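A look at the structure
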Amino acid sequence: VPRGKLVVVTGVSGSGKSSLAFDTLFAEGQRQYIESLSAAARQYVDQIERPDVDLIEGLQPTIAVDQRVGGYGLRSTVATATEIYDYLRVLLARVGLVECFRCGTPIRQQSPEQIVEALGRLGEGTKAMLLAPLVRGRRGKHEEALAEIRKAGFVRLRVDGVVYDVDHPPEIDPRRNHDIEAVVDRIVIRSVARAGDRAATGSTADGRLAESVDLALKHGDGVLLATYAEKVDGKDVWHDAVFSTRYACPKCGTNLAEIEPRTFSFNSPYGACAECEGLGKRRPLDVNGEPIEDDEEETCPQCQGTRLRAEARSVRIGGKTVDEIVGLAVGEARAFFEQVVWSDTERPVAEPLIAEIGRRLRFLEKVGVDYLTLDRAADTLSGGELQRVRLATCIGSGLVGVCYVLDEPSIGLHPRDNERLIAALRELQAQGNTVVVVEHDEAIMRAADWIIDVGPGAGRHGGNIVAVGTPAEVAANEDSLTGDYLAGRKKISRRAERRKIAKSKAIVLEGASANNLQDVSVSFPLGVLTCVTGVSGSGKSTLLVDTLARAVTRRLGGGGSKPAAHSSLRGVSAIDKFVLVDQSPIGRTPRSNPATYSGAWDEIRKVFAATREAKRRGYKASRFSFNTVGGRCEACGGQGQQKIEMNFLPDLFVPCNECRGKRFDRAMLQVRYREKSIADVLDMSAEEAAAFFANFSAIERVLASLVDVGLGYLPIGQASTTLSGGEAQRVKLATELARTETGNTLYLLDEPTTGLHLADIERLLAVLQRLVDRGNTVIVIEHHADVIAAADWVIELGPGGGANGGRVVFEGMS
């Protein structure tokens, strides 16, 4: 693997590309770096198991840029993932123009005299306590704050809302956030003269109050907290009011706490909307105000989905609030920041922050995601989009001497944007890094400095280095399947003629207007293969997954989520069934696998239960399960491995001593069919298992379907959590193919070529064409030119992404 170059690792699905790039190169580079840290530091890092490799020389520190959402929660957005939001929060806090969130009046500083007058308006005889806030929502023991309170001579303090004697403070948990205030004075409000009247009359009725206010502001760094009692049904109800010499509305008297970067954070209680806690959504409420137990969520009315308190949404730069800024697409945001004019006092503070924001926005444009809005939730991004956002962050980091390992960054990218992606990869390499890309895209392979072709087949037929060299050298190698396609010796075959389109037989969706769709009406002909394409962000997923799929599912009585906005849907009565085949995981735990998901496992257990040995022992099919007590190995709970905690070293996972990784107890492993135990069958590839169970049609049909969609290499017992999105999607497709055909089924597939070599795409197309030949309708969301060319009907959305997309620009024969 040449250092400092753009290297593509390719090969058919299951040939071992990811094992080489991620499980070996990346894992060893990461492990070596982590081992260089101190033992104390290593205990806080998820450490990686030593890969199965004899020797790696010349390896740089490695960084993986993959498609997994790991590390991004419900609150993560494009802006937070790229650190744009961090710089934006500081910018707003330092140079933002503050307006009153109640009346919209620009807020100016409030004088101590005005604070005294405001307190006087609480009413004659009101009990009040004046506090100087020293710690606000921070973790720690805060011993320095306690010492400051004693040094200042105060005799009481308040910790998290409870008043204590200064000599007997509470035990403070350093792991929790705390509020600590010094109790400056406890008073009863008397008549307070206005500042002008006081000067004229010499009134001193408010002398003590004024002194206490000055003292609280001094120790509270310009902020005072007043706790006062209000009579409700004859009882004192206490309220807190914040006063500040910095932020107060001259019109309505509204006081704001100091505007800080955390004021704009929806992850902090100081910035997050109190009703939705910074999520922007909530469950709908019934007539009693109680949340309705429903899958649907509604936009939080208090923050209008912005996630932020009203105070945070009342600060502007360039005439826009924070929620308006992050609502812009990447390209729009870059243009906005470039046109903002700063005053002479603002410029020294703003320019360094704007420079960092601008750099990150330009990098996002370079990798082809300029259509994404900055507030787009990270968990709604596709794998390819998420990877390109991470790639932009990597380019912006400026690291050199690193080996970046990327997993198909072209996924979901229209061919129009390939050049931008290649330029971004080249920029990363030009900074002095090695860029290793697991990739099938022909344009990226041709642009690479070096290609490593793994194969020649999948599973046990793969795992070898078939060819290495420049793109021209690999193309000239006749032993390389990749080379055959690069040189044109092989091409994906196409049907001789298209199927006829009957315009009267179609599903018609009208008035689709969710997200960036602009009142789209489109007809999907039945009984043919339709490809929906368009640049990234043009609205394909919104139209098909969020609108069409949900609307058809509900029309057929399947329930599910509410479809996105549209005016009508016609023609659904012409189909009997709808199947969505997307890339979501097929299971959430390691106990789920292709055999269990596809239903083959139930039939396999019946085979073992029917053996002579199982009947002699009285074993039923239900006992042949690694989830069931009596069948599974109890030492490891059916997991097949045990965790050994190693303190400063990484936790060690070793095969279970009892079952040796087989997951079943010894008695179950003694039951054999054709000399194979139930555990041996789980270790078989789909191809091997299909041949092994050839006499059982229910099993063979499912396993043969896995082979047909290019998963013949996949062990049928492989944990579903380790499958890629493309593999999970093909397991779903194979499961549907194995079911008894009735025809009149509508299949919708979301980028089925993800992770597929050109040879695998040809096999997949044959499967899809066979589905249509049986009387079904297949719609695919796809960018791959060979899939578009193989379709009977093409619908293109665009012309651009984001606000520039959302329209049908072409409908017709490919």
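Residues numbered from 1 in each chain as written. Predicted model: local features only at pLDDT ≥ 70, side-chain atom pairs only at ≥ 80, totals over all residues. Heavy atoms only, no water.

Helices and strands together make up the secondary structure of the protein chain, namely 27 helices and 28 strands. Considered along the principal axes of its C-alpha atoms, the protein chain spans approximately 105 × 60 × 60 Å. Each of the 814 residues in the protein chain was classed as buried or not, and the buried ones make up 49%. Taking contacts inside the protein chain between residues at least 6 apart in sequence as the whole, the part at least 24 apart equals 67%. For the protein chain, the accessible area works out to roughly 37700 Å², and carbon and sulfur atoms hold 47% of it. Computed over 101 positive and 109 negative side-chain charges, the separation of the two mean positions in the protein chain equals 3 Å. (Helix = DSSP H or I, 4+ residues; strand = E, 2+ residues; numbered from the N terminus. Buried < 20%, exposed > 50% of the residue type's maximum accessible area, 1.4 Å probe, protein only. Contact = heavy atoms within 4.5 Å. Areas by Shrake-Rupley, 256 points an atom, 1.4 Å probe, with all protein chains shown as cover. Lys, Arg positive; Asp, Glu negative; His and termini not counted. Charge placed at Lys NZ, Arg CZ, Asp CG, Glu CD.)

A few words on helix H1 (residues 17-35). The end-to-end C-alpha distance of H1 is 26 Å, a good match for the 27 Å that 19 residues give at a rise of 1.5 Å each. Where H1 is concerned, the buried positions are Lys17, Ala21, Phe22, Thr24, Leu25, Phe26, Ala27, Glu28, Gly29, Arg31 and Ile34. In this structure, the buried side of H1 is in contact with strand E1 (6-10), helix H2 (39-42), strand E2 (62-65), strand E14 (403-407), strand E15 (434-438) and strand E16 (450-455). (Expected span 1.5 Å × (residues − 1).)

We now examine the nonpolar core. Ranked by size, the top nonpolar core spans 74 residues in total, and within it Leu88, Leu91 and Phe337 carry the most contacts. For Leu88, the residues in contact, after removing those within four places along its chain, are Ile317, Val322, Ile325, Val326, Phe337 and Ile357. Counting residues in each nonpolar core, the second largest holds 67 residues, with Met668, Leu669, Ile678 and Leu768 among its members. (Core = buried A, V, L, I, M, F, W, Y, C linked by side-chain atoms within 4.5 Å.)

With 20 residues, helix H11 (residues 347-366) should reach 28 Å at 1.5 Å per residue; the first-to-last C-alpha distance of 27 Å fits that figure. All of the buried residues in H11 are Ala350, Leu353, Ile354, Ile357, Gly358, Arg360, Leu361, Phe363, Leu364 and Glu365. Phi turns positive, to about 85°, at Gly368, one or two residues after H11.

Let us now look at the environment of Gln518. Among the structural elements, Gln518 can be located in the loop between strand E18 (506-512) and strand E19 (520-525). Given a relative accessible area of 37%, Gln518 falls into the partly exposed group. On a C-alpha basis, the gap between Gln518 and Val808 in space is 9.1 Å, while along the polypeptide they are 290 residues apart. Non-local contacts of Gln518, meaning those with residues more than four positions away in its chain, are made with Ala512, Ala803, Gly805, Gly806 and Arg807.

Tallying each qualifying case throughout the model produces 12 aromatic pairs. Aromatic side chains Phe336 and Phe337 sit 5.2 Å apart centroid to centroid with 65° between the ring planes, which places their arrangement in the edge-to-face category. Of the two residues, Phe336 and Phe337, neither departs from the other in class, the shared state being buried. Relative to Phe693, the ring of Tyr673 has its centre 6.2 Å away and its plane inclined at 5°; by these criteria the two rings are stacked. Note that Tyr673 is positioned in the loop between helix H21 (666-669) and helix H22 (678-682) and Phe693 in the loop between helix H23 (686-692) and helix H24 (697-708), a separation of 20 residues in sequence. When sorted by exposure, Tyr673 lands in the same class as Phe693, which is buried. By the ring-pair criterion, three or more aromatic residues cluster together here, those being Phe608, Tyr619, Phe624, Tyr673, Phe692, Phe693 and Phe696. Residue placement shows Arg307 over the ring face of Phe266; its charged tip is 4.8 Å from the ring centre. The ring of Phe692 has Arg674 sitting right over it, with the charged end atom 4.6 Å from the ring centre. (Phe/Tyr/Trp six-rings, centres within 6.5 Å; stacked < 30°, edge-to-face > 60°. Lys NZ or Arg CZ within 6 Å of the ring centre and 35° of its normal.)

Relative to the helices and strands, Leu328 is located in the loop between helix H9 (322-326) and helix H10 (330-339). Judged by its relative accessible area of 14%, Leu328 is buried. It is 9.2 Å that separates the C-alpha atoms of Leu328 and Tyr371, two residues lying 43 residues apart in sequence.

Time to look at the pattern of salt bridges. Pairs can form between side chains of opposite charge whenever their charged atoms are close. What the rule picks out here adds up to 46 salt bridges. Notably, a salt bridge pairs Arg316 with Glu99, separated by 3.4 Å at the nearest N-O pair. With a gap of 217 residues between them, Arg316 in strand E12 (residues 315-317) and Glu99 in the loop between strand E3 (97-98) and helix H5 (112-120) connect regions that are remote in the sequence. With its nearest N and O atoms 2.6 Å apart, the salt bridge here joins Glu613 to Arg617. Of this pair, Glu613 and Arg617 both sit in helix H20 (residues 612-617), separated by four residues, roughly a single helical turn. (Salt bridge = Lys/Arg side-chain N within 4 Å of Asp/Glu carboxyl O.)

This paragraph deals with the sheet that holds E19. Spatially, E19-E18-E21 is the arrangement adopted by the three strands of the open sheet, whose pairing is antiparallel. Each edge of the sheet is formed by a strand with only one pairing partner; in this case those strands are E19 and strand E21 (568-570). The mean angle between the axes of side-by-side strands here comes to 10°, regardless of whether they run parallel or antiparallel. Summarising the sheet, E18 and E19 pair through five bridges and their orientation is antiparallel. Looking across to E19, one finds that Val508 is bridged to Ser523. Each of E18, E19 and E21 is contacted by helix H17 (residues 540-555), which is oriented at about 120° to E18, the strand it contacts most. (Pairing = 2+ DSSP bridges. Axes fitted to C-alpha atoms, helices over the stretch in contact; angles between N-to-C directions.)

The next subject is the confidence of the model for the protein chain. Fine structural detail should not be taken from predicted coordinates in areas where pLDDT scores are low. In the predicted model, the protein chain carries a mean pLDDT of 87, and the fraction of residues at 70 or more is 93%. Below pLDDT 50 for its whole length, residues 193-205 participates in 11 contacts with residues either more than four positions away or in separate chains. (pLDDT = per-residue confidence, 0-100.)

Turning next to the environment of Val330. Its place among the elements puts Val330 in helix H10. The class for Val330 is buried, based on a relative accessible area of 0%. It is 4.7 Å that separates the C-alpha atoms of Val330 and Asp370, two residues lying 40 residues apart in sequence. Setting aside chain neighbours within four positions, we find Val330 in contact with Leu361, Leu364, Glu365, Val369, Asp370, Leu372 and Leu374.

Looking now at the sheet that holds strand E17 (residues 464-469). Here six strands make up an open sheet; going across it, the order is E2-E14-E15-E1-E16-E17 and the pairing mixed. Of all the strands in the sheet, the pair left with one neighbour each is E2 and E17. Looking at each pair of strands side by side, their axes are set apart by 20° on average, direction ignored. Looking at chain direction, E1 and E16 are connected through four bridges and run parallel. In the sheet register, Val8 faces E16, and the bridge partner there is Ile451. Contacting E1, E2, E14, E15, E16 and E17, H1 runs over the sheet at an angle of about 135° to E2. Set on the sheet, helix H13 (residues 418-430) makes contact with E1, E14 and E15; between it and E15 the angle comes to about 145°.

Moving on to the side chain of Thr482. Relative to the helices and strands, Thr482 resides in helix H16 (residues 481-487). Looking at Thr482, the relative accessible area reads 2%, which means it is buried. Sequence-distant contacts of Thr482, that is, excluding residues within four places in its chain, are made with Thr10, Gly11, Met445, Asp453 and His757.

The subject of this paragraph is the side chain of Asp453. Structurally, Asp453 can be placed in strand E16. Within the buried core, Asp453 has no salt-bridge partner, and the shortest N-O distance to an opposite charge, that of Lys17, equals 8.2 Å. Separated by 2.5 Å, the side chains of Asp453 and Ser480 make a polar contact. Not counting residues within four places of it along the chain, the set of residues in contact with Asp453 comprises Thr10, Gly11, Asn464, Ile465, Val466, Ala467, Ser480, Leu481 and Thr482. (Polar contact = N/O pair within 3.5 Å; in protein donor to acceptor, adjacent residues only side chain to side chain.)

This part takes up the pairing of strand E27 (residues 793-798). The buried fraction of E27 is high, at five of six residues. With five bridges connecting them, strand E20 (residues 529-534) and E27 associate as parallel partners. In the sheet register, Val532 faces E27, and the bridge partner there is Ile795. With five bridges joining them, E27 and strand E28 (residues 807-812) adopt antiparallel strand pairing. Residue Gly798 lies in a different strand from E28, and its bridge partner there is Arg807.

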